[in-house]
Amino acid sequence: MGIFLPVALVPPNTKNCINSLAQSKKPNVPSNFFLFAAFLKNAFVVLVIGLSNLFFISKLYALGFNDLKVQKLQDFEYAWGMDLIDNENLLVSEKKGVLYIYNFSTGKIVGKEAYNDVLSKRQGGLLDIIFVKDKEKNFVFSCYQNLSSDLIVARHELKNFKFLNKKIIFSSKYQSRSGVHFGCRFINYKNNILFSIGDRGDRNNSQNSKNYPGSIIKIDYEGNHKITKEGWLSGIFSMGHRNPQGLIYIKEFDEIWSHEHGPKGGDEINIVKMGKNYGWPVVTYGKEYWGGKIGVSKPVKGYEDPIWKWIPSIAPSGMAFYNNDYFEFLKNKILVGSLKFKTLYIVNLNNKRPSTEIKFLKNKIGRIRDVLVHPKGHILLINDERDGGLFKLDKY
């Protein structure tokens, strides 16, 4: 399968400084002078960032970008989440309510569980899953919309590829027929589970500390949770989120990173900290879909500002930190799937923070829903398509 690499030389975070410089003009000096000076400064910033990004791209090509291949391993219909059981077996969820175990050695499905309580409607259904080994037991946690339109977390025990003893361990106790903004990404974090819940289509939920939508939740493996901040509902780890569909723990940084969908523009990456408020909809760098203003588009005291923004929106889904020697040119970079642009974004880091990005695999496998790095170093992708599947990005 051929690979095409479209390049955007100017990252979306480049800011236009013309207005601010023009407003600083002094009396008796022609305004055109300041506009021209602002233009030169802006052009210089664009040039520097562009050359930096070009160097990044050239380096990737030189180190092996042309040596990558994409292979489809298995057909899936609207796959949503995946997680490794071990090096040979992978969990994959389909939104309609079916959970599979795929074996890499045989190329076959070796386990399957069909849910009878999933409501697959619009963006809702069976969404993310995560495998956790706790002492002598193997658990599979799943996040989904049930038949009452509530968002719940279920836990299965996994024995010999059989899903046993299903137990509902968390309910958001919030029913909505909107069919949008579920969040539902998991991470295993220091012997607990963290997972995201979107605002469920009502932005006011995200600033309501007395309900779960618009939050990231922390529970233990039994579903127990605690109050993390006075005045907040028990279990809320952070609030002010719109629709987080990427969530990772970067052990090397000891940081939790999430990305989430903004409205029209304003998709963002955040460093998630317990007890913090991430602003939506009080602070957002996006607009209404019809163009109107939402909240404030600048840092505001009391709200956490994103470390990276996408304007226009890319509809990010799935995220991974690549820290493997297999693809040395990708080491210490962030991989993000894009639903809107059907692209894998590779985000370069400088001092542990995003600095530049490039687009990869554009229109090659469709809407990228999730990204996972195998311990051997190759990259696994699933796409959100009717005739979709599981893909492997590897060396020739």
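Quick notes on the rules
- Residues numbered from 1 in each chain as written.
- Predicted model: local features only at pLDDT ≥ 70, side-chain atom pairs only at ≥ 80, totals over all residues.
- Heavy atoms only, no water.
- Helix = DSSP H or I, 4+ residues; strand = E, 2+ residues; numbered from the N terminus.
- Contact = heavy atoms within 4.5 Å.
- Areas by Shrake-Rupley, 256 points an atom, 1.4 Å probe, with all protein chains shown as cover.
- Polar contact = N/O pair within 3.5 Å; in protein donor to acceptor, adjacent residues only side chain to side chain.
- Pairing = 2+ DSSP bridges.
- Axes fitted to C-alpha atoms, helices over the stretch in contact; angles between N-to-C directions.
- Buried < 20%, exposed > 50% of the residue type's maximum accessible area, 1.4 Å probe, protein only.
- Core = buried A, V, L, I, M, F, W, Y, C linked by side-chain atoms within 4.5 Å.

Draft legend 1. Highlighting the overall build of the chain. For the chain, the helix and strand inventory stands at two helices and 24 strands. Expressed as a percentage of contacts within the chain between residues at least 6 apart in sequence, the contacts between residues at least 24 apart total 56%. For the chain, the computed accessible surface area is about 17,900 Å², with 51% contributed by carbon and sulfur atoms.

Draft legend 2. Representation of the side chain of H259. Structurally, the position occupied by H259 is in strand β15 (residues 255-260). Not counting chain neighbours up to four residues away, the residues in contact with H259 comprise N243, P244, Q245, G246, E268, I269, W310, P316, S317, G318, M319 and V336.

Draft legend 3. Structural context of the side chain of N211. Within the element layout of this structure, N211 appears in the loop between β11 (192-197) and β12 (215-219). Among the polar contacts made by the side chain of N211, one reaches the side chain of N205 at a distance of 2.9 Å. Those residues in contact with N211 that lie beyond four places of it in its chain are Y174, N205, L233 and I236.

Draft legend 4. Geometry of the sheet that holds strand β3 (residues 89-94). What the four strands build is an open sheet, ordered β2-β3-β4-β5; its pairing is antiparallel. Every interior strand has two partners, whereas the edge strands, β2 (79-84) and β5 (108-114), have only one. On average, each strand axis in the sheet is tilted by 20° relative to the strand beside it, whichever way the strands run. Pairing of β2 with β3 involves five bridges; the strand directions are antiparallel.

Draft legend 5. How the structure looks around the pairing of strand β16 (residues 267-272). Counting buried positions over the six residues of β16 gives six, a clear majority of the element. Across the two faces of β16 the burial is the same, with D267, I269 and I271 and E268, N270 and V272 all buried. As paired elements, β15 and β16 share five bridges and run antiparallel to each other. Within β16, the residue paired with I256 across the bridge is V272. The antiparallel pairing of β15 with β16 creates a hairpin that spans six residues between the two strands, and G265 there sits at a positive phi of about 90°. Of the strand pairs in this sheet, β16 and strand β17 (residues 308-310) are connected by three bridges, and their pairing is antiparallel. Across the sheet, residue I269 finds its bridge partner in β17, namely W308.

Draft legend 6. Focus on the pairing of strand β4 (residues 98-103). Summarising burial for β4: six of the six residues are buried, a large majority. Hairpin connection, β3 to β4: the antiparallel pair is bridged by three residues, and G97 has positive phi, about 120°. Counting the residues in the hairpin turn of β4 and β5 gives four residues, including G107, whose phi is positive at 70°.

Draft legend 7. Seen up close, the nonpolar core. Among the nonpolar cores identified, the biggest contains 24 residues, and F141, F170, F186, I193, F195 and I217 are the most heavily contacted of them. When residues of this core are traced back to their parent elements, those giving at least two are β6 (126-134), β7 (137-145), β8 (151-159), β9 (162-171), β10 (183-189), β11, β12 and β13 (236-239). Contacts of F170, omitting those with residues within four sequence positions, involve L151, I152, V153, F195, I197, Y212, I217, I219 and H225.

Draft legend 8. Structural context of unusual backbone geometry. Omega for the bond connecting W280 with P281 falls within 30 degrees of zero, at 0°, which places this linkage in the cis form. Turning to its location among the elements, P281 is positioned in the loop between β16 and β17. Cis geometry marks the peptide bond from I311 to P312, where omega comes out at 5°. Among the structural elements, P312 can be located in the loop between β17 and β18 (316-322). A positive phi angle, close to 60°, is found at K135, a residue other than glycine. Along the chain, the position of K135 falls in the loop between β6 and β7. Using a relative accessible area of 72% as the deciding quantity, one classes K135 as exposed. The phi angle at D254 is positive, at roughly 55°, despite the residue not being glycine. Looking at where D254 falls in the secondary structure, it is placed in the loop between β14 (244-250) and β15.

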